[in-house]
Amino acid sequence: KGALAAEAQDWGTAQAFFETSLDYNPTYDVALAGLGLCRMIQDKPEEAFSLFKRAATVNPENHRAILGVLQLGYPLKRYSEMEAMVLSYLKRYPANLDMIYSFAGLLYAQGRVNEARNQVEKILVVEPGHESALELREMLDKIDGEPTLVM
């Protein structure tokens with residue numbers, strides 16, 4: 001019911017349903033992520049990040065929670081926490097190109113250029129025309145001035 005209320009952008013009702021759900025099961029990842037979304041809408045990024053992180057810790061496959069961690073983690077500069085969540089997801093789905101790209105971007109944001117480049121190259125082996133990976137590779141090349149081979 002909370003998800004349906006959120007879909008209708010009835011955030012007060014959604015929040016009430018998610019909170020009720022958490023009263024019954026405080027570790028229910030769907031309700032944690034839903035409440036995180038409500039806090040994000042309320043412009044409470046620290047609370048939202050914490051809820052998304054809890055949801056992703058309970059269920060590393062909760063894609064909504066991972067996206068919330070990524071969306072809020074950058075402006076909050078919570079890189080190590082973001083990295084833990086992304087790596088946990090990648091342990092289960094190592095071929096997920098979108099998550100590999102997210103990991104590469106996270107490494108880039110931390111100035112870990114060589115590690116970011118390695119992740120980008122993994123993507124480009126599988127999908128040589130991956131536009132976002134190509135764009136990130138170009139950004140990485142500008143940092144260290146060492147262009148990579150174009151595939």
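Q: What exactly am I supposed to notice about the overall build of the protein here?
A: Across its full length, the protein holds nine helices and zero strands. Dimensions of the protein, computed from C-alpha atoms along their principal axes, come out at roughly 55 × 25 × 25 Å. Here the protein holds 151 residues, and the buried ones make up 40% of them. Sequence-distant contacts, at least 24 apart, represent 44% of the contacts inside the protein between residues at least 6 apart. When the accessible surface of the protein is summed, it comes to about 8,400 Å², and 54% of that surface belongs to carbon and sulfur atoms. Of the charged side chains in the protein, 15 are positive and 21 negative, and the gap between their average positions amounts to 5 Å.

Q: What exactly am I supposed to notice about helix H4 (residues 45–58) here?
A: Side chains three or four residues apart in an α-helix point the same way, a direct result of the helix having 3.6 residues per turn. Here H4 spans 20 Å end to end across 14 residues, near enough to the 20 Å set by a 1.5 Å rise per residue. Along H4, the positions that sit buried rather than exposed are Ala48, Phe49, Leu51, Phe52, Ala55 and Ala56. Seen end-on, H4 carries its buried residues on one side only, within an arc spanning 165°.

Q: Even after reading the chapter, I still don't get the nonpolar core, so can you show me in this structure?
A: Taken as a class, soluble globular proteins show a tendency for nonpolar side chains to be buried jointly. By size, the foremost hydrophobic cluster in this structure holds 43 residues, and its most contacted members are Phe52, Ile66, Met82, Met99 and Val120. The element that contributes the greatest number of residues to this core is helix H7 (residues 97–109), accounting for seven residues. Aside from chain neighbours lying at most four places away, what touches Met82 is Phe49, Val69, Leu70, Gly73, Tyr74 and Leu106.

Q: Honestly, helix H2 (residues 11–24) in this entry has me stumped. Any pointers?
A: Between its first and last C-alpha, H2 extends 20 Å over 14 residues, near the 20 Å set by a 1.5 Å rise per residue. In this structure, the buried side of H2 is in contact with helix H1 (2–7) and helix H3 (29–41).

Q: Sorry, what's going on with the packing of aromatic side chains here?
A: Centre-to-centre distance and the angle between the planes together describe a pair of aromatic rings. Under the counting rule described, the total for this entry stands at two aromatic pairs. Ring plane angle 65° and centroid distance 6.2 Å describe the contact between Tyr74 and Tyr79, whose orientation is recorded as edge-to-face. For the pair Tyr89 and Tyr93, a centre-to-centre distance of 5.1 Å together with 35° between the ring planes defines the contact as tilted.

Here is what the cut-offs are and how they apply
- Residues numbered from 1 in each chain as written.
- Predicted model: local features only at pLDDT ≥ 70, side-chain atom pairs only at ≥ 80, totals over all residues.
- Heavy atoms only, no water.
- Helix = DSSP H or I, 4+ residues; strand = E, 2+ residues; numbered from the N terminus.
- Buried < 20%, exposed > 50% of the residue type's maximum accessible area, 1.4 Å probe, protein only.
- Contact = heavy atoms within 4.5 Å.
- Areas by Shrake-Rupley, 256 points an atom, 1.4 Å probe, with all protein chains shown as cover.
- Lys, Arg positive; Asp, Glu negative; His and termini not counted.
- Charge placed at Lys NZ, Arg CZ, Asp CG, Glu CD.
- Expected span 1.5 Å × (residues − 1).
- Arc of directions from axis to C-beta.
- Core = buried A, V, L, I, M, F, W, Y, C linked by side-chain atoms within 4.5 Å.
- Phe/Tyr/Trp six-rings, centres within 6.5 Å; stacked < 30°, edge-to-face > 60°.

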